[in-house]
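Structural characterization, general
What follows is the residue order along each chain.
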Amino acid sequence: LLLQNIDHKAELYLNSNRYKLFKQLSSNEFYLIKAMIQIILLQKRHTLIHAAGLARRNQGILLSALSNTGKTYTALTLANFHDFEFLSDEMTIVSEKGMASSYPIPLSINDDYVEHFNLKLTPFERFSMNVKDNYIFKIPWFRLLFEPFDYAVSRLNLTIPKRPIPIKTIFLMERGENSVERISKEVAFNKLWMNNRMNLMFYEIRELVAYSYVYNSLNLDELLSASKMILFSILEHVDEIIMIKRNDKRFELAILDNI
């Protein structure tokens, strides 16, 4: 592995037999590249936020929630059935000026998604997904060895804007007794920051920590502070933050009532 010029024009070279043979990155290589994307975005006063992104009539919304709450399901429901443009289902690129940009990484799906959204799978893809869901992921430690079944966003009939969209509303989604309330930016910041902090991974990548040790030009503490300040700035630009709690996956009902 060769890593250089992160503070200028990042270069990464991998001598990976796995990639040469199967065109697949290992988990370590994948997370290293993802962390480098986070760093480069922060250097440009942007950050990845752990939220789905959607837009309608040039007004953006973010759906922030912990993993497995229903971001993907809700984002696809609004994009497929309610004429929303699709930015992302998991991570969205946001700027300190409150603009959201598309980051359409592959979707992690299961049988429920295939049926509800009428997704087209090849026979091999259907077999692979069934094996993972019904056998491999039934064994807890196997989950560490295999990734969920991925489905490319480009295969969906969705409108993906190529321009940045101003963020109007942030929805915080949580499981609980059904309720909707507007919350303060102070409360929202704490929740958004904790949720986002779990997905800022450059401190967990030993190669990046070693690079920062050798080269003072890459200061990971400053980047972490920059991420926090960008989040503060985003909240100053949005109109409102709404907390939605649901005891099912139907978050889209409350979202449609509050935009």
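Residues numbered from 1 in each chain as written. Predicted model: local features only at pLDDT ≥ 70, side-chain atom pairs only at ≥ 80, totals over all residues. Heavy atoms only, no water.

1. Brief notes about the nonpolar core
Keep this limit in mind: Put simply, a nonpolar core is a bunch of buried Ala, Val, Leu, Ile, Met, Phe, Trp, Tyr and Cys residues held in one set by side-chain atoms that sit within 4.5 Å of each other. Accessibility here uses a 1.4 Å probe with only protein chains present; expressed as a share of the type maximum, an area under 20% marks a residue as buried, one over 50% as exposed, and anything in between as partly exposed. Helix and strand definitions here come from DSSP, where helices need a minimum of 4 consecutive H or I residues and strands a minimum of 2 consecutive E residues; each element is numbered from the N-terminal end.
If you look at the biggest cluster of nonpolar residues, it comprises 38 residues, and the most contacted ones within it are Ile170, Phe202 and Leu208. Residue assignment for this core shows that the elements contributing at least two residues are helix H2 (27-43), strand E11 (165-175), helix H6 (185-197), helix H7 (206-214), helix H8 (220-237) and strand E13 (240-246). For this core, the element with the most residues is H8, which contributes seven residues. The next biggest cluster of nonpolar side chains, apart from the first, holds 31 residues, and it includes Ala75, Phe86, Leu121 and Ile242.

2. Overview of the packing of H2 against H8
Test applied: Axis definition: a line fitted to C-alpha atoms, limited for helices to the stretch in contact. Angles are taken between N-to-C directions and run from 0 to 180 degrees. Working rule for angles: under 35 degrees goes down as roughly parallel, over 145 as roughly antiparallel, 65 to 115 as roughly perpendicular, anything else as oblique. Handedness of a crossing follows from how the near helix is turned relative to the far one, being left-handed for an anticlockwise turn of less than a right angle and right-handed for a clockwise one. By the convention used here, residues are in contact when the closest approach between their heavy atoms is within 4.5 Å. Put simply, Ala, Val, Leu, Ile, Met, Phe, Trp, Tyr, Cys and Pro go in the nonpolar bin, Asp, Glu, Lys and Arg in the charged bin, and everything else, Gly too, in the polar bin.
For the pair H2 and H8, interaxial distance at closest approach is 10 Å and the crossing angle is 65°. In terms of orientation, H2 and H8 fall into the roughly perpendicular class. Judged by the sense of rotation from one axis to the other, the crossing of H2 with H8 is left-handed. Residue-level inspection shows Ile39, Leu42 and Gln43 of H2 in contact with H8, the latter providing Leu220, Leu223, Ala226, Ser227 and Ile230. A class-by-class count of the residues in the contact of H2 with H8 yields six nonpolar, two polar and no charged.

3. So, helix H3 (residues 71-81)
Because an α-helix completes one turn every 3.6 residues, residues spaced three or four positions apart along the sequence face the same direction. Judged by how many residues are buried, H3 sits mostly within the fold: nine of eleven residues are covered. Considered for burial, the residues of H3 that qualify are Lys71, Thr72, Tyr73, Thr74, Ala75, Leu76, Thr77, Leu78 and Ala79. Within two residues after H3, Asp83 carries a phi angle of roughly 60°, on the positive side.

4. Quick notes on the pattern of salt bridges
Rule in force here: Here, a salt bridge means any side-chain nitrogen of Lys or Arg that lies within 4 Å of a carboxyl oxygen of Asp or Glu.
Throughout the structure, instances matching the rule amount to nine salt bridges. Between Arg206 and Glu207 there is a salt bridge whose closest N-O contact spans 3.9 Å. A relative accessible area of 69% places Arg206 in the exposed class. Here Arg250 makes a salt bridge to Glu252, at a shortest N to O gap of 2.4 Å. Taking relative accessible area as the criterion, Arg250 reaches 38% and is therefore assigned partly exposed. Classification of Glu252 by relative accessible area gives buried; the value is 2%.

Honestly, that's just the spatial picture; any functional story needs more than this.
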